[in-house]
Structure formats: structure tokens, C-alpha cells
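These are the residues of each chain, in order.
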Amino acid sequence: MKKKVLLMGASGSGKTSMRSLIFSNNPASLTSRLGATIDVEQNHVRFLGDLILNLWDCGGQDAFMDSYLSIQQSTIFQHVGVMIYVFEVETRNMEKDLNYYKECLSALQRYSPNAAVFLLVHKMDLARGPKAETLARKTKELKEASEGTEVTVFGTSIYDESLYNAWSRIVHILIPNASVLSRHLAKLAALCSATEVVLFERTTFLVIATSTPPPPPPTASNVPSGPSSARTNGDLSATSHSDHELEVDSDPHKMAPTRYERTSELIKAFKYSCARVREEFNALEMELPEFTAVLDELTRNTYVLIVVHDPTIETAALRMNIRLARPKFE
Ligand code: GTP
């Protein structure tokens, strides 16, 4: 099962940087050495068994954009599962960026009307004003430009876990059996007397599913006030208010704090350090007075993290349970 993901946006907005961080394990500090992308660079990432992400990183220079929107239009925009459009938070060319975005959106609607659209307000670390306010303002502007098309907006930066949060959410909608995975994880958590169990994809360390039960149904106090209201929880994300959003809202890590994504970021940094000293990262165990955590391979494509707060539970027992649970997840 192949899912095409389009990564688009102006030249220099940070597309290749995020791709190299998430899919190639490179640290943020090396992204300044990346050259401009010429035309389209395609990557195939095997993601969970037979799910393959076919990532199209589309170089953002005007000449390429013009070509995507004319002679290459059908090639670029057909069979798309997700379009991710990247905007720099402090761009000086917002008008031009929006014009290209609108043209891409209408080409997408023509060739892949069912594709999901994610907009990243990127380089949030460079935002001049308070981040939440800046994101809310940008979200409003982008939703107006989307003219009724359902879009999900995230504020991101390669220098913190916000990028993992956005990408985990994006790939989450491409995973067909995510709720089944969550149920299995909840069972594993119960069997291990664990506080929580989190499933990560092996290469990217993006969060695939968690054992955390879905949040309670919305009540009057936690429902946003109107269609264009931009909600900014701690993870700098905001979604449009629609049927689709309800589906995304029931996703546990929408509401959960970003500690999962922080974990992704830390493990990736640790893996990078291991690679630098030519050691291979296999598994991790932490035994602290407050909690015990075990991170181990679950299947060929996943790692699982089990966190327990019961000091009588041995890490060896947790690892044994992971081994026994493997066939369920293969
Ligand atoms: P094209 O390939 O021409 O389309 O550009 P691109 O969108 O792929 O941009 P690229 O990833 O090459 O990034 C351009 C510059 O932005 C690099 O110097 C990155 O280091 C920098 N950059 C990327 N993400 C961030 C971020 O979150 N914050 C800051 N401050 N800089 C970033």
C-alpha cells in the first residue's frame, strides 16, 4: 500500500530540512548545508509492514512551481494522499506564497479531491511576536486563503519537538489500523501494569499509536467557540472545525501533551550520537526512583516504549512481555 505525500512550499521555507531530520536522522544543525532542491526528489519510506510513504519533496523555486502547475500538473497532483504545504512564519512574500498555494490547492482538488491538506507555519523559532498569537493569526489567514477547504495547521520548528508532533499527526491519518493498534497497546499496558505504552516507527521515531484512552467527548467547556476559532494547545496546533476534525480530535495524541514527540526527538538525537561513535542503537532501559522505562524493538518497523510506576516490576519482565506481544503486532 503506497501513500503519496506531497511536500510543497516556497524555496527556503524548510521542506528538505524537515525531511532530512525526520527521515534521514540528520541533526538540525546540519540543515544549513542543504542545497536547493532541483525539481522533485522522491523518497520511499517503508512505514509499518506494507505501508510505504512515497514522499515527493518539490523544490520551491518559481520556475519549478510554474512547471508543477502547468506541464507537470497531472503527474504531481494525481494519487495524492496528503499535501503538506510549508509557509515560513516571517516570510516577506506572503502574497506570492498564498497565490502559489491557492493554485496548488485547486490542482489538488482537480486530481486528488480526497487528499488531506496540512499547512505548516514553519520556523516558529523565528516568530517575532508571542508564538501562540502569531500562530493564531497565521492560521486565520491560511484558512481564509483555503476558501472552505478543510485544512489542519501546525506551528513547527526544526529546533523543537513541534515538528515531530505535526508529522506524527500527519502520518497517523495514513495508517489504516491505528485504532486497532491503540487497543492492542492498551491491552499490553494493562498486562504489564504500565502507566502507558507508546509505539514509534523505527526509522523516523514518529509516534504511531499510544495506549492512552481517547479523551472524553467534547463538552460545552472544551469545544471551540466557532468555525474559525484557532485553538492553540501546548503543541502549537490548530485545526479547522468540521466533521473531519472530529475524527482527528478523537486521536489521543491531539490532546496529549507533547512528551511523546519530545521522546521522539531525544531518541533521534541519541541514535545520532550512537552513530557518531559507530555504535548501533538497539534498546534502552531506565530505572529511576520515580519510574521504569523500557524501549525495545517490537516488530521490524516499530519500537515500543513501556513506562511503569511500580518499582516492583523488573525490566526483564517488561522485555519478556514485549517479546511475547510481538506476534500480535507483526
Ligand atoms: P527548496 O529546496 O529551494 O525548495 O528549499 P527548502 O524548502 O527545501 O528549504 P531548506 O530545507 O533547504 O531550508 C532552507 C534553510 O532554512 C536552511 O538553512 C535551514 O537550516 C533553515 N531552516 C529550516 N527549518 C528551520 C527552522 O525551523 N528554523 C530556522 N530558524 N531555520 C530553519
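Further up the page is the structure itself.
Anyway, here's the lowdown on the structure attached to this text. Not measured: the values here are computed from a predicted model. (Residues numbered from 1 in each chain as written. Predicted model: local features only at pLDDT ≥ 70, side-chain atom pairs only at ≥ 80, totals over all residues. Heavy atoms only, no water.)

### Here's the deal with the overall build of the protein
Of regular secondary structure, the protein possesses 11 helices and 12 strands. For the protein, the accessible surface area stands at approximately 15,600 Å², while carbon and sulfur atoms represent 52% of it. (Helix = DSSP H or I, 4+ residues; strand = E, 2+ residues; numbered from the N terminus. Areas by Shrake-Rupley, 256 points an atom, 1.4 Å probe, with all protein chains shown as cover.)

### Details of the environment of T263
Structurally, the position occupied by T263 is in helix α10 (residues 259-276). Spatially, the C-alpha atom of T263 lies 8.4 Å from that of E161, the residues being 102 residues apart in sequence. Residues contacting T263, with those up to four places away along its chain left out, are F200 and L305. (Contact = heavy atoms within 4.5 Å.)

### Considerations on helix α11 (residues 315-329)
Here α11 spans 21 Å end to end across 15 residues, near enough to the 21 Å set by a 1.5 Å rise per residue. Along α11, the sharpest kink reaches roughly 25°, centred on R323 and followed within four residues by the proline P327. Those residues of α11 not exposed but buried are T315, L318, I322, A325 and F329. Along its buried surface, α11 packs onto α7 (178-191), β10 (284-287), β11 (292-299) and β12 (302-308). (Expected span 1.5 Å × (residues − 1). Bend = angle between axes of the 7 residues up to and from the residue. Buried < 20%, exposed > 50% of the residue type's maximum accessible area, 1.4 Å probe, protein only.)

### Re the pattern of salt bridges
If you walk through the whole model with that rule in mind, you get 10 salt bridges. Between D62 and K96 there is a salt bridge, with its nearest N and O atoms 3.0 Å apart. Of this pair, D62 sits in helix α2 (residues 62-69) while K96 sits in helix α4 (residues 94-111), placing them 34 residues apart in sequence. With relative accessibility at 36%, the residue K96 sits in the partly exposed group. (Salt bridge = Lys/Arg side-chain N within 4 Å of Asp/Glu carboxyl O.)

### Side note on the packing of α4 against helix α5 (residues 131-145)
One can describe the packing of α4 onto α5 by two numbers: an axis separation of 10 Å at closest approach and a directional angle of 45°. As the angle between them shows, α4 and α5 are arranged oblique. When you trace α4 past α5, the crossing you get is right-handed. Each of M94, L98, Y101 and K102 in α4 lies in contact with α5, whose residues at this interface are K138, E141, L142 and A145. Here the contact of α4 with α5 is composed, by residue class, of five nonpolar, no polar and three charged. (Axes fitted to C-alpha atoms, helices over the stretch in contact; angles between N-to-C directions. Parallel < 35°, antiparallel > 145°, perpendicular 65-115°, else oblique. Left-handed = near helix turned anticlockwise from the far one by under 90°. Nonpolar A, V, L, I, M, F, W, Y, C, P; charged D, E, K, R; others polar.)

### Here's the deal with unusual backbone geometry
Although it is not a glycine, H79 sits at a positive phi angle of roughly 60°. Within the chain, K123 stands out as a residue other than glycine whose phi angle is a positive 65°.

### Re the pairing of strand β6 (residues 151-155)
For β6, a buried count of five out of five residues is recorded, marking the element as mostly surrounded by other parts of the structure. Note: strand β5 (residues 116-122) against β6, five bridges, orientation parallel. Across the sheet, residue V121 finds its bridge partner in β6, namely G155. A crossover links β5 with its parallel partner β6, the connecting element being α5, and its sense is right-handed. (Pairing = 2+ DSSP bridges. Right-handed = clockwise from strand over helix to strand, strands pointing away.)

### A closer look at the pairing of β10
In regular strands, side chains alternate between the two faces of the sheet. Across four bridges, the pairing between β10 and β11 is antiparallel. When the bridges of β11 are listed, E287 appears paired with T292. Hairpin geometry of β10 and β11 is characterised by an intervening segment of four residues between the two adjacent antiparallel strands.

### Brief notes about the nonpolar core
Among soluble globular proteins, nonpolar side chains are generally buried collectively. Ranked by size, the top nonpolar core spans 50 residues in total, and within it F47, W167 and I306 carry the most contacts. Per-element tally for this core: the top contributor is helix α6 (residues 162-172), with six residues. Built from parts of two domains, this core gets at least three residues from each of domain 1 (2-172) and domain 2 (179-212 + 253-329). Among the nonpolar cores identified, the runner-up in size contains 35 residues, and I76, L119, V121 and L135 belong to it. (Core = buried A, V, L, I, M, F, W, Y, C linked by side-chain atoms within 4.5 Å. Domains from an automatic or database assignment.)

### Section: the sheet that holds β10
Read across the open sheet, the five strands follow the order β8-β7-β12-β11-β10; overall the sheet is antiparallel. The sheet is open, and its two edges are formed by β8 (207-210) and β10, each paired on a single side. On average, each strand axis in the sheet is inclined to that of its neighbour by 20°, with strand direction left out of account. By the bridge criterion, six bridges tie strand β7 (residues 196-201) to β12 in an arrangement that is antiparallel. Within the sheet, the bridge partner assigned to L199 lies in β12 and is V304.

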